[in-house]
There are 2 protein chains.
Amino acid sequence: MKITLHPISNGLTDVKGFFCAGTGCDIRNKNNPDRLDLALVYSKTPCTAAGVFTTNDVKAAPVIVDQKHLKASRNAMHAIIGNSGNANACTGPQGITDVHATAEAAAKYLGVKPEQVFVCSTGRIGDFLPMPKITAGLERLCKTYSADSEQGRKAAEAILTSDTKSKTVTVTVALGSESITIAGIAKGAGMIQPNMATMLAFIATDAKISSDLLQKLLSAAVDESFNAISVDGDMSTNDTVLVLANGASGIAVSEQQVEYGNAFFEGLRNVCQILADKMVSDGERITKVVELLIENAPSRHAAEAVARAIANSLLVKCSWYGEDPNWGRLADSAGYARVGTVMEKMDIYYNEVPAVLQGVPQAHLKEQWKTVVKNRRFTIRMNLNIGSANYRFLTTDLSEGYVNFNKGE
Amino acid sequence: MKITLHPISNGLTDVKGFFCAGTGCDIRNKNNPDRLDLALVYSKTPCTAAGVFTTNDVKAAPVIVDQKHLKASRNAMHAIIGNSGNANACTGPQGITDVHATAEAAAKYLGVKPEQVFVCSTGRIGDFLPMPKITAGLERLCKTYSADSEQGRKAAEAILTSDTKSKTVTVTVALGSESITIAGIAKGAGMIQPNMATMLAFIATDAKISSDLLQKLLSAAVDESFNAISVDGDMSTNDTVLVLANGASGIAVSEQQVEYGNAFFEGLRNVCQILADKMVSDGERITKVVELLIENAPSRHAAEAVARAIANSLLVKCSWYGEDPNWGRLADSAGYARVGTVMEKMDIYYNEVPAVLQGVPQAHLKEQWKTVVKNRRFTIRMNLNIGSANYRFLTTDLSEGYVNFNKGE
């Protein structure tokens, strides 16, 4: 098995048989039609599909409809429509009607059925979609889609909101003399604590794979990527990860062929982890990316609880912002996760520099910790020494800029 | 039953038989001996006592020792020593030794046993207490304590850390021609989400009450006050609420006398709620105090989960800071509390102005919501309409100033 990360990714047009397009509809009503805000991903061949959606009780209209479309057409999906600028969340029956109208318009132009189209939205909550603008935009998308890299990049750009960068990734999984391509695009910079958090990720592959296996592998990959990151601890109404597999490579991946199954999963996990990493690194007004490694916890669940308590602690995040290696706040947060942490057994490292060993501060190394936290990216390893389960989590600091950026009107 | 709130509270010297003192020991090593940082509360008559402590796995040394002292002497406590500037947390065996040495020194000067003395600390985590300064300070306290209001105010001042104001309250509970006094002092401005959070509260009363009943009533009062507030969602290693009852009023409160028991509980709850309110109102660099009323939830636990999800959402807190009535973020947070929220049933009010009724935005009233959130203090009422349980919670916004204040060195 060999997985190759492409140095340049153009998004989903990097995968055989996938067409993309992006256009601007001024969904935000800012008189700025040059800003792309509507994307199309399309395969003429029907695709097997899988999806992971927000677990929020308050689900946006497109999430509700997409779950139905996935159930109905998981072996024959054709397209994804994504818009930024408006989340179509908390919009009641009108919101549902608008999703159906979007899917129907796209289906008509593409010559497929509405339930073979996913619709994804991201942006402000509580406003109705500007439907005349959307349907006009859909017509343009369906006339301009292509397999060219330019339209691949435009689709990736059209789903962005407060992101400062497009997020694309392409990997090739070599299997003997053959190969499969998996590519992904994503958006997400705030309201990010997937499980899911305002994030959209669309993944395309030319593997031939059953929808059941695709769903199983996607869920596992999401668990180790999008569900293991947090910028601000907020979970959105719209989070969605979708995969379409059109089989264009002619290579079949199944549970019976263990080697191919493992290789495909590794490729898919890579795509998800790289997109998740790009989201965190582009977190709203962040200045630090922090990898948390929680080790030797009583269970994976306990390790995750400790990681989330640390990652979501305002005091911890503020100290990172200030480049203050305040390990006391780390220990405090680990303690209130209440998984049986014993201070006297705890080791804490900044990168490879010990800050606490068996509960004893290593104050003579303080200047070294301080040097570590001056980096834009560093690792904090907390060894609880009360079990054998580990967990990796990626998070950020909290800046004054984040507060200013999100204070609204 | 009549409860009178004193217009001016001098803290615990307002209660018959209680002596206080406060002194400066330069515990922070800032060459500032004028800053008070060591407090004594003392009753010559032995007191029944009750306490509520942090549930953090990582408990500071004084919390561990106080729990033992309470168990050993709950019917005969004499004193509380409180210091600010150093939390004596994550300090290992040396930290425990220092607490014992503090209690022993105070006990020697006061002529009582060490286990009849509580020791409480608040401040930075991970540093050892400067014991020579503390023991010298204890000697001064035990020579200067008095029942005068000046020393009462000094004790209240000496336990403050980042607080900008002393927090004191005194109530009188009239029972026929007799009366009981209950007074409290507290500190706490950051790392505040009790259950408990860095907060200390010391309460004194001249009621005659068993330690068992006192514990029961204190736990109930804390649940509706200190455990129903949040500034930043962080729970500390040191949180402690203590009550001493010296019986000096001669009035007995027992479960058999329902009227007296109820009246005393009301008084105690008032003291706790007023102190909790003062803590939130003095939250670090806050600009808004927000009362959340969650109504008609499936259970009290569910209502509390929704309140905490809203109160701890960074996006919600930022929007309050920006005076943006972003009800979409409220609905989103309620949804990820995952208690079965149904958007189509939800009502949201800013004070008495509806923002959402049965899931439908009341956009024509938007100017009125905007006016409400311009106030320093306002109420958000969320009626889930899926049950009959209610919960009240008090919280704050998140400002750029908070981030700057907590970024450390």
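Above this text you will find the structure in question.
Summary of the structure given here.

Thoughts on the overall build of chain A
Secondary structure assignment for chain A yields eleven helices and 18 strands. In terms of its C-alpha atoms, chain A occupies a principal-axis envelope of roughly 70 × 55 × 35 Å. Residues classed as buried in chain A amount to 63% of the 409 residues present. Excluding contacts between residues fewer than 6 apart, the proportion of contacts in chain A whose partners are at least 24 apart in sequence is 80%.

Focus: the sheet that holds strand β18 (residues 389-396) of chain A
All names here are of chain A. One open sheet holds the seven strands; their spatial order is β10-β18-β13-β17-β14-β15-β16, and the pairing between them is mixed. Single-partner strands in this sheet number two, and they are β10 (229-230) and β16 (360-361). As paired strands, β10 and β18 are joined by two bridges and run parallel to one another. Residue pairing across strands places S230 opposite T395, the latter belonging to β18. Each of β13 (289-297), β17 (377-383) and β18 touches helix α7 (residues 300-311); the most contacted strand, β18, lies at about 20° to it. Running over the sheet, helix α8 (residues 314-321) touches β10, β13, β17 and β18 and is turned about 60° from β18.

Quick notes on the interface of chain B and chain A
Interfaces are often described in size by the accessible area the parts lose on coming together. Of the residues lining the interface, 53 residues belong to chain B; the matching set on chain A comes to 54 residues. Counting the surface lost from both chain B and chain A, the interface buries some 4,500 Å², and carbon and sulfur atoms represent 57% of this. Applying the counting rule to chain B against chain A returns two salt bridges. We note a salt bridge from R124 of chain A to D324 of chain B, for which the minimum N-O separation is 4.0 Å. Broken down by secondary-structure element, the contributors of at least two residues to the side of chain B that touches chain A are α8 (314-321), α9 (327-336), α10 (366-372) and α11 (400-405) of chain B.

A few points about the sheet that holds strand β15 (residues 353-357) of chain B
All names here are of chain B. With respect to topology, seven strands assemble into an open sheet ordered β10-β18-β13-β17-β14-β15-β16, the strand pairing being mixed. Strand pairing shows two members of the sheet lacking a second neighbour, β10 (229-230) and β16 (360-361), which therefore form its edges. Helix-sheet contacts for α8 involve β10, β13 (289-297), β17 (377-383) and β18 (389-396), and the interaxial angle to β18 is about 60°.

So, the pattern of salt bridges
Enumeration according to the criterion identifies 34 salt bridges over all chains in this entry. Between R377 of chain A and D277 of chain A there is a salt bridge, with the nearest N and O atoms lying 2.8 Å from each other. With R377 of chain A in strand β17 and D277 of chain A in helix α6 (residues 258-281), this residue pair connects regions lying 100 residues apart in the sequence. When its relative accessible area of 39% is taken as the criterion, R377 of chain A is described as partly exposed. The shortest N-O distance in the salt bridge between K288 of chain B and E323 of chain B comes to 2.7 Å.

A short note on the packing of α8 of chain B against α9 of chain B
All names here are of chain B. As a packed pair, α8 and α9 sit with axes 9 Å apart at the nearest point and diverge in direction by 160°. The pairing of α8 with α9 is recorded here as roughly antiparallel in orientation. The two elements α8 and α9 meet at a crossing, and its hand is left-handed. Seen from α8, the contacting residues are L315, V316, S319 and W320; seen from α9, they are R329, L330 and S333. Looking at side-chain class alone, the contact of α8 with α9 contains four nonpolar, two polar and one charged residues.

Here we look at empty space enclosed by the protein
Residues and elements named next belong to chain A. This model, assessed by the stated rule, comprises two cavities of 30 Å³ or more. The volume enclosed by the largest cavity comes to roughly 40 Å³. The wall of the largest cavity is formed by eleven residues, among which V231, T396, D397, L398 and Y402 lie closest to the centre. Across the lining of the largest cavity, the residue classes break down as five nonpolar, two polar and four charged. Space inside the second largest cavity adds up to approximately 30 Å³.

What to know about the relation of the copies chain B and chain A
Expressed as a screw transformation, the operator carrying chain B onto chain A has a rotation angle of 180° and an axial translation of 0.0 Å, and the superposed copies differ by an RMSD of 0.0 Å. The superposition operator between the copies reduces to a two-fold rotation axis. Every residue of chain B has its C-alpha some distance from the rotation axis, and the shortest such distance is that of E400 of chain B, at 2.3 Å. Of the interface residues in chain B, 100% have counterparts in chain A that sit at the interface too, so the contact is made through matching surfaces.

Digging into unusual backbone geometry
You will see that N88 of chain A, though not glycine, has its phi angle at about 45°, which is positive. With respect to the helices, strands and loops of the structure, N88 of chain A is situated in the loop between β4 (77-86) and α2 (92-110). Of note in this structure, Q358 of chain B is not a glycine but carries a positive phi near 50°. Along the polypeptide, Q358 of chain B turns up in the loop between β15 and β16.

Here's the deal with the side chain of T181 of chain B
Mapped onto the fold, T181 of chain B is located in strand β7 (residues 178-187). Each residue touching T181 of chain B, except ones within four places of it in the same chain, is listed here: D14, V15, T170, V171, T172, A204, T205 and D206 of chain B.

A closer look at the environment of E367 of chain A
Residue and element names in this part refer to chain A. Within the element layout of this structure, E367 appears in helix α10 (residues 366-372). Judged by its relative accessible area of 55%, E367 falls in the exposed class. Sequence separation of E367 and P325 is 42 residues, and the distance between their C-alpha atoms is 9.6 Å.

Notes on helix α1 (residues 61-73) of chain B
Residue and element names in this part refer to chain B. When the terminal C-alpha atoms of α1 are compared, their 18 Å separation across 13 residues agrees well with the 18 Å that a helix rising 1.5 Å per residue should span. Along α1, the residues classified as buried are A61, P62, V63, V65, D66, H69, L70 and S73. Where the residues of α1 are buried, they touch β3 (38-53), β4 (77-86), α2 (92-110), β5 (117-124), α5 (211-223) and β11 (240-245).

As for the packing of aromatic side chains
Per the counting criterion, the structure on display carries ten aromatic pairs over all chains. Ring geometry for F19 of chain A versus Y42 of chain A: centroids 6.3 Å apart, planes at 40°, classification tilted. Here the residue F19 of chain A occupies a position in strand β2 (residues 18-23), and Y42 of chain A occupies one in strand β3 (residues 38-53), the gap between them amounting to 23 residues. A relative accessible area of 6% places Y42 of chain A in the buried class. Measuring from ring centre to ring centre gives 5.5 Å for F19 of chain B and Y145 of chain B, while their planes differ by 70°; the resulting arrangement is edge-to-face. Residue F19 of chain B is located in strand β2 (residues 18-23), and its partner Y145 of chain B is located in the loop between α3 (131-144) and α4 (149-158); the two are separated by 126 residues in the primary sequence. Classification of F19 of chain B by relative accessible area gives buried; the value is 17%. According to the relative accessible area criterion, Y145 of chain B is partly exposed, its value standing at 22%.

Cut-offs and rules
- The numbers attached to residues start from 1 for each chain and follow its sequence in the written order.
- Just so you know, chain letters begin at A and ligand numbers begin at 1, following the order they were written in.
- Reporting of local features is limited, given that this is a predicted model, to residues whose pLDDT is at least 70; pairs of side-chain atoms are given and counted only at 80 or more, and all residues count toward the totals for whole chains, interfaces and linings.
- Note: side-chain values were computed over all heavy atoms of the structure, leaving out hydrogens and water.
- Runs of E in the DSSP output that reach at least two residues are strands. Runs of H or I that reach at least four are helices, and both are numbered from the N terminus.
- Residue burial is assigned from relative accessible area. The probe radius is 1.4 Å, only protein chains are included, and a residue is buried under 20% of its type maximum, exposed over 50%, and partly exposed in between.
- Two residues form a contact once any of their heavy atoms are found within 4.5 Å.
- Pairing between two strands requires that DSSP report at least two bridges joining them.
- Working convention: axes come from line fits to C-alpha atoms, limited for helices to the stretch in contact. Angles between N-to-C directions cover 0 to 180 degrees.
- Accessible area that two parts lose when put together, with a 1.4 Å probe and added across both, is what the buried area reports.
- For this document, the term salt bridge refers to a Lys or Arg side-chain nitrogen within 4 Å of an Asp or Glu carboxyl oxygen.
- Any angle from 65 to 115 degrees is called roughly perpendicular, while one under 35 is roughly parallel, one over 145 is roughly antiparallel, and all others are oblique.
- Each crossing is labelled by how the near helix is turned from the far one, with a counterclockwise turn of less than a right angle marking it left-handed and a clockwise turn marking it right-handed.
- Residues are grouped as follows: Ala, Val, Leu, Ile, Met, Phe, Trp, Tyr, Cys and Pro are nonpolar; Asp, Glu, Lys and Arg are charged; every other residue, Gly included, is polar.
- Put plainly, a pocket is an open set of points on a 1 Å grid over the protein atoms alone with protein on both sides within 12 Å along at least five of seven lines, a cavity is a set where a 1.4 Å probe fits but cannot get out, and a lining residue has an atom within 4 Å of a point.
- Grid points are joined across faces, edges and corners, and a volume is the space filled by probe spheres set on the points.
- All copies are superposed by least squares; the fitting set is the C-alpha atoms of residues with a pLDDT of at least 70 in both.
- To estimate the expected span of a helix, subtract one from its residue number and multiply by 1.5 Å.
- Only Phe, Tyr and Trp rings are paired, with Trp represented by its six-membered ring, and only when their centres lie within 6.5 Å; those with planes under 30 degrees apart are stacked, over 60 edge-to-face, the remainder tilted.

That's the geometry; what it means functionally is another story.
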